[in-house]
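Coordinates in review
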Amino acid sequence: MTSPHPSQKEVLDELLLEFSNLKAYADAIRQQIELTTNILAELVLSKSSLEEIKARGGNGEVLIHVGAGNHIRVQLNSVQSVIVGVGAGYSVEKDISEAIAEMESRIKQAQEQSAKLQDQYGKVSQRLVQVQDQVDSIYAKLEATGQA
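Residues numbered from 1 in each chain as written. Predicted model: local features only at pLDDT ≥ 70, side-chain atom pairs only at ≥ 80, totals over all residues. Heavy atoms only, no water.

**Section: the overall build of the protein chain**
- A tally of helices and strands in the protein chain yields two helices and four strands.
- Seen in sequence order, the protein chain has helices and strands lined up from the N terminus as α-β-β-β-β-α.
- Each of the three principal axes of the protein chain carries a C-alpha extent, and together these read 85 × 30 × 25 Å.
- The long-range fraction of contacts in the protein chain, counting pairs at least 24 apart against all pairs at least 6 apart in sequence, stands at 52%.
- Between the centroid of the 14 positive side chains of the protein chain and the centroid of its 20 negative side chains there is a distance of 3 Å. (Helix = DSSP H or I, 4+ residues; strand = E, 2+ residues; numbered from the N terminus. Contact = heavy atoms within 4.5 Å. Lys, Arg positive; Asp, Glu negative; His and termini not counted. Charge placed at Lys NZ, Arg CZ, Asp CG, Glu CD.)

Below, the structure written as structure tokens:
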């Protein structure tokens, strides 16, 4: 007849499985945080560039990145609108002030997403520590009784 309570080895196996799953989840969250951080940096740069162009009345010289570390100098003349990506491969033309407002909105969304991810990561990390402590404790008991 089996005991209604799981053995220490069964508990250890369950904890090790939980630890493995939590570790994978933490890694996925960390990747999302990195992606969100990169997106946020790009949005901030875009907003800053648009604000500078607006401050110069849509005129001035800029460097345009053309890939592989190469840039070209471009003279802007009366930039009034910007083509803004809206997702799914679509773009729309917006007034430069509207484009700046759009970037501000996206920055806020990215910051909120980043904060949520950081919170999730913190909770998962705490649980990982708890599980690791439980695993260490059970393993020590098993080792002491010669069952490890």
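**Considerations on the side chain of Thr 36**
- Positionally, Thr 36 belongs in helix 1 (residues 8-55).
- Dropping the residues within four chain positions of it, Thr 36 is found in contact with Ala 110, Gln 113, Ser 114 and Leu 117.

**A word on the packing of helix 1 against helix 2 (residues 96-144)**
- Where helix 1 contacts helix 2, the two axes come as close as 7 Å, and the packing angle between them is 160°. The orientation of helix 1 relative to helix 2 falls into the category roughly antiparallel. By crossing handedness, the relation of helix 1 to helix 2 is classed as left-handed.
- Of the residues that constitute the contact of helix 1 with helix 2, the class distribution is 30 nonpolar, 12 polar and 10 charged. (Axes fitted to C-alpha atoms, helices over the stretch in contact; angles between N-to-C directions. Parallel < 35°, antiparallel > 145°, perpendicular 65-115°, else oblique. Left-handed = near helix turned anticlockwise from the far one by under 90°. Nonpolar A, V, L, I, M, F, W, Y, C, P; charged D, E, K, R; others polar.)

**Quick look at the pairing of strand 3 (residues 81-87)**
- Bridging between strand 3 and strand 4 (residues 90-95) involves six bridges; their strand directions are antiparallel. Note that in strand 4 the partner of Gly 87 across the bridge is Tyr 90. (Pairing = 2+ DSSP bridges.)

**Quick look at helix 2**
- Between its terminal C-alpha atoms helix 2 stretches 71 Å, which fits the 72 Å expected from 49 residues at 1.5 Å a residue.
- Between the side-chain oxygen of the N-cap and the backbone nitrogen of Ser 97 there are 2.8 Å, and the N-cap of helix 2 in question is Asp 95.
- Backbone geometry just after helix 2 places Gly 146 at a positive phi near 75°. (Expected span 1.5 Å × (residues − 1). Polar contact = N/O pair within 3.5 Å; in protein donor to acceptor, adjacent residues only side chain to side chain.)

**With respect to the pattern of salt bridges**
- All told, the structure shown has 10 salt bridges when counted by the stated rule.
- In this structure, the salt-bridge partner of Glu 52 is Arg 56, at a minimum N-O distance of 2.7 Å.
- Lys 123 is the partner of Asp 119 in a salt bridge, and the nearest nitrogen-oxygen pair spans 3.3 Å. Of this pair, Asp 119 and Lys 123 both sit in helix 2, four residues apart, which is roughly one turn of that helix.
- Look at Asp 119 and you get partly exposed, because its relative accessible area is 42%.
- Within this structure, Lys 23, Asp 27 and Arg 30 form a network of salt bridges that share partners. (Salt bridge = Lys/Arg side-chain N within 4 Å of Asp/Glu carboxyl O. Buried < 20%, exposed > 50% of the residue type's maximum accessible area, 1.4 Å probe, protein only.)

**Quick notes on the layout of surface pockets**
- By volume, the largest pocket is sized at about 170 Å³.
- Every residue along the wall of the largest pocket is listed here: Ser 49, Glu 52, Ile 53, Arg 56, Asn 59, Glu 61, Val 62, Ile 64 and Leu 76.
- Elements that contribute at least two residues to the lining of the largest pocket include exactly helix 1 and strand 1 (60-67).
- A breakdown of the residues in the lining of the largest pocket according to their chemical character gives four nonpolar, two polar and three charged. (1 Å grid on protein atoms, 1.4 Å probe; cavity = no way out; pocket = protein on both sides within 12 Å on 5 of 7 lines; lining within 4 Å. Points joined across faces, edges and corners; volume = space filled by probe spheres on them.)

What is shown is where atoms sit, not what they do.
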